[in-house]
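# Descriptive analysis of the structure
The chain contents come next:
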There are 2 protein chains.
Amino acid sequence: MNNRLPMGAEDRFVDRLRALLPADDAIRIGPGDDAAVVAAFGREMIATTDLLVEGVDFLPGADLELLGRRAVSVNLSDAAAMGARPRFFLLSIVLPAERGEDAALAICRGAIARGAEFGASLAGGDLSRGPSIVLSVALWGSLDQEPVTRSGGRPGDALYLTGYPGRAAAGLRIASSGAARSDLGEGDRELLDAYLDPEPRVALSLALASAGIPRAAIDVSDGLGIDAGRLARASEARAVLDRGRIPIAPALAAWARREGADALDCALGGGDDYELLFAAAEEAEGEISRLAAKLPVARIGRLEEGRGAVLRDSAGERAIDTLGYDHFEAQP
Amino acid sequence: MNNRLPMGAEDRFVDRLRALLPADDAIRIGPGDDAAVVAAFGREMIATTDLLVEGVDFLPGADLELLGRRAVSVNLSDAAAMGARPRFFLLSIVLPAERGEDAALAICRGAIARGAEFGASLAGGDLSRGPSIVLSVALWGSLDQEPVTRSGGRPGDALYLTGYPGRAAAGLRIASSGAARSDLGEGDRELLDAYLDPEPRVALSLALASAGIPRAAIDVSDGLGIDAGRLARASEARAVLDRGRIPIAPALAAWARREGADALDCALGGGDDYELLFAAAEEAEGEISRLAAKLPVARIGRLEEGRGAVLRDSAGERAIDTLGYDHFEAQP
């Protein structure tokens with residue numbers, strides 16, 4: 001579903017959209033970051049929304065409860081990128097006419113349970129018929145400190161990444177093959193689960209934001225390359241990732257060897273990871289590791305003067321800000 | 001698109017959904033009203049979401065800017081039903097792969113302009129591909145007083161309705177016939193516009209709420225009959241509409257005569273009206289008319305002891321709480 005395509009159409013769209021917006025002082029951060037930040041109700045809040053579309057963002061025949069869970073997870077991940085505390089959400093469901101009340105309830109059950117794990121309650125929603133399943137979640141959260149944006153990074157900052165990118169992309173390939181989960185080995189199950197049930201990095205993000213560590217952050221949803229490019233662009237800097245530091249999960253390496261795929265390509269352009277990429281001082285590494293506890297966080301590169309995003313190794317550099325999913329240019 | 005079907009599946013769904021929800025003191029009003037009311041950010045806010053799905057909620061080939069406008073209008077209407085002041089919205093768009101950036105921007109342009117008329121700014125959104133167009137708006141707003149719910153009515157209250165129900169249903173029939181707007185007479189244009197570009201009753205709703213007049217309210221989106229039934233059910237009362245008082249627009253009467261349709265049926269079961277139905281004291285009628293200024297507001301009946309919703313005339317009563325659109329039982 002994710003594709004390697006020239007970056008930029010989606011970002012260009014956001015620029016054109018911003019030009020249409022009338023001024024509103026209550027909108028502290030509008031379109032173009034992981035979430036909006038508004039100030040109109042006493043305290044600042046973040047708001048974000050993410051769609052899941054059948055055949056584009058998930059495979060036909062997906063388990064509905066898991067789908068509801070994932071729809072909330074991807075929004076929780078956006079809240080995490082802002083350093084926000086998830087609070088409540090609305091869930092809208094488009095279902096084909098032949099699917100009844102029980103299907104809608106299964107989706108809700110997964111969404112409610114997932115929200116509850118992170119302090120976010122379902123407050124309402126909408127239902128409609130349609131040719132295929134679409135889930136739309138809008139999620140609100142509070143801020144205990146200033147929001148973490150994409151734009152606060154500066155040359156010299158180190159870049160950190162939670163977890164293992166590319167597992168979800170391999171998991172999607174496994175899911176697409178139609179293999180039964182029970183027939184999979186442990187490693188492939190790990191990859192499948194990374195795709196079907198991503199883990200939003202809410203707890204770490206709150207701990208980091210509370211300690212004032214991240215200068216900029218983005219959740220890696222469309223691909224590490226394209227999203228590193230977005231963070232760099234917003235921060236008016238250049239993201240330089242160190243090839244030797246990109247964390248490759250053993251399960252991904254094993255799968256790639258078996259399938260003749262390139263694990264690094266999956267890690268850079270796979271998408272659907274929902275890991276947290278953030279810029280912080282190099283000296284913060286020890287504190288970050290301490291706060292992350294068992295969650296692996298790798299220092300994968302740094303911001304430099306310039307533009308774009310590149311992968312650097314002993315042989316030189318290659319551009320990676322085209323590696324990932326662009327909603328305007330991708331053909332599912 | 002709207003259909004006459006036994007009431008209840010959607011309301012039953014909401015009951016089952018509520019049973020799944022863990023307690024959260026911050027959710028003052030959860031699923032089942034026109035909007036949620038949440039207290040988590042200092043001051044209370046309302047939040048609501050409404051989907052528009054191609055082929056179900058609008059016709060294929062619809063003007064995109066008008067569609068963006070309508071997607072915001074139907075959410076503004078929900079805010080109005082709660083007596084809330086619209087403030088921000090998120091807009092998510094699913095577009096077929098062949099539609100590009102300009103199509104998405106046209107939708108945004110209509111949405112932004114409509115929101116601006118009522119003080120609601122676009123704060124963010126999402127984009128995805130899909131087989132057909134889906135628009136999802138999530139809108140939130142502030143409350144200057146206690147929210148107006150569906151449940152505050154009581155036997156003895158009069159029922160009031162803004163505008164003319166049924167025009168949108170006739171407008172949908174006209175739109176479905178493919179007639180060019182420029183070929184239509186003035187009356188048919190009025191009906192078409194009522195369907196394509198409904199007017200949310202935000203200003204009147206704020207004036208009424210500020211004066212403490214409505215005891216309960218609902219926006220008439222699925223049909224006057226079914227929505228009167230919902231208000232009555234929430235208020236644990238019986239809605240009795242007076243046949244002679246249902247306001248029939250002259251344009252609707254003329255269209256119905258010409259087409260051999262029943263104008264009263266359109267008014268009771270048409271849907272897509274986005275008029276405000278509210279319960280208030282009978283003595284408030286003068287004050288309501290004064291606040292409504294040029295907007296017609298009719299006293300169409302009252303709440304009595306009992307259950308359900310009926311239309312009463314000299315011949316007797318007939319149940320009308322099945323007249324309208326149920327999202328679970330309707331076949332578009």
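As a starting point, this report considers the structure included with it. What you see is a predicted model; the values in this text were computed from it and never measured.

About the thresholds
Residues numbered from 1 in each chain as written. Chains lettered and ligands numbered in written order. Predicted model: local features only at pLDDT ≥ 70, side-chain atom pairs only at ≥ 80, totals over all residues. Heavy atoms only, no water. Helix = DSSP H or I, 4+ residues; strand = E, 2+ residues; numbered from the N terminus. Buried < 20%, exposed > 50% of the residue type's maximum accessible area, 1.4 Å probe, protein only. Contact = heavy atoms within 4.5 Å. Lys, Arg positive; Asp, Glu negative; His and termini not counted. Charge placed at Lys NZ, Arg CZ, Asp CG, Glu CD. Buried area = accessible area lost by both parts, 1.4 Å probe. Salt bridge = Lys/Arg side-chain N within 4 Å of Asp/Glu carboxyl O. Nonpolar A, V, L, I, M, F, W, Y, C, P; charged D, E, K, R; others polar. Pairing = 2+ DSSP bridges. Axes fitted to C-alpha atoms, helices over the stretch in contact; angles between N-to-C directions. Parallel < 35°, antiparallel > 145°, perpendicular 65-115°, else oblique. Left-handed = near helix turned anticlockwise from the far one by under 90°. Least-squares fit on C-alpha atoms with pLDDT ≥ 70 in both. Phe/Tyr/Trp six-rings, centres within 6.5 Å; stacked < 30°, edge-to-face > 60°. Lys NZ or Arg CZ within 6 Å of the ring centre and 35° of its normal.

Secondary structure summary: chain A contains 10 helices and 13 strands in total. The C-alpha extent of chain A, read off along each of the three principal axes, is 55 × 55 × 40 Å. The proportion of buried residues among the 332 residues of chain A is 62%. The long-range fraction of contacts in chain A, counting pairs at least 24 apart against all pairs at least 6 apart in sequence, stands at 82%. Positive and negative side-chain charges of chain A, numbering 36 and 51 respectively, have mean locations separated by a distance of 3 Å.

Note: interface size is frequently given as the accessible area lost on complex formation between the parts. At the interface, 70 residues of chain B touch 71 residues of chain A. When chain B packs against chain A, the two sides together hide about 5800 Å² of surface, and 68% of this comes from carbon and sulfur. Run the count over chain B and chain A and you get 8 salt bridges. Salt-bridge contacts for R16 of chain B lead to D102 of chain A; the nearest nitrogen and oxygen are separated by 3.0 Å. Going through the elements one at a time, α1 (9-20), β1 (27-29), β2 (36-41), β3 (43-53), β4 (85-95), α3 (101-117), β5 (121-129) and β6 (134-142) of chain B are the ones with two or more residues in the side of chain B that touches chain A. Its residues placed into classes, the side of chain B that touches chain A shows 39 nonpolar, 17 polar and 14 charged.

Glancing now at the pairing of strand β11 (residues 297-304) of chain A. Residues and elements named next belong to chain A. Counting buried residues in β11 gives 7 out of 8 residues, a clear majority hidden from the surface. In terms of strand pairing, strand β7 (residues 158-162) meets β11 through 5 bridges, oriented antiparallel. Paired with A158 across the bridge in β11 is R302. Where strand β9 (residues 238-242) lies against β11, 4 bridges are found, and the strand directions are antiparallel. When the sheet's bridge partners are listed, V240 is paired in β11 with R302.

Look at helix α1 (residues 9-20) of chain A against α3 of chain B: their axes get within 10 Å of each other, and the N-to-C directions meet at 25 degrees. Viewed along their axes, α1 of chain A and α3 of chain B adopt a mutual orientation that is roughly parallel. In this structure, α1 of chain A meets α3 of chain B at a crossing whose hand is right-handed. Packed against α1 of chain A, whose contacting residues are A9, R12, F13, R16, L17 and L20 of chain A, the element α3 of chain B presents E101, D102, A104, L105, C108, R109 and I112 of chain B at the interface. Within the contact of α1 of chain A with α3 of chain B, the residues separate by chemical class into 8 nonpolar, no polar and 5 charged.

This paragraph deals with the relation of the copies chain B and chain A. Each copy superposes on the other: chain B lies on chain A with an RMSD of 0.1 Å after a rotation of 180 degrees and an axial shift of 0.0 Å. The symmetry that links the two subunits is that of a two-fold axis. Rotation axis and chain B: the residue whose C-alpha lies nearest the axis is G42 of chain B, separated from it by 2.5 Å. Mapped onto chain A, 100% of the interface residues of chain B are again interface residues, and the two copies thus contact each other with one and the same surface.

Quick look at the packing of aromatic side chains now. A full pass over the atoms with the stated rule returns 7 aromatic pairs over all chains. When the centroid spacing of 4.8 Å and the interplanar angle of 5 degrees are considered together, the rings of F88 of chain A and W140 of chain A count as stacked. Of this pair, F88 of chain A sits in strand β4 (residues 85-95) while W140 of chain A sits in strand β6 (residues 134-142); the two residues are 52 residues apart in sequence, bridging distant segments of the chain. Across the pair, W140 of chain A and F88 of chain A agree in class, each one buried. Following the ring pairs from residue to residue traces out a cluster consisting of F41, F88 and W140 of chain A together with F41, F88 and W140 of chain B. Here the basic side chain of R70 of chain B rests over the ring of Y195 of chain B, its NZ or CZ set 4.7 Å away from the ring centre. Lying across the ring of F88 of chain B, R87 of chain B places its NZ or CZ 4.8 Å from the centre.

Let us look at the sheet that holds β2 of chain B. Two pairing modes exist for strands in a sheet, parallel and antiparallel, and in both the strands are linked by backbone hydrogen bonds. Residue and element names in this part refer to chain B. The strand order across the open sheet built from 6 strands is β1-β2-β3-β6-β4-β5, with neighbouring strands paired in mixed fashion. Strand pairing shows two members of the sheet lacking a second neighbour, β1 and β5, which therefore form its edges. Strand-to-strand, the axes of this sheet are offset by a mean angle of 25 degrees, without reference to chain direction. Where β4 lies against β5, 8 bridges are found, and the strand directions are parallel.

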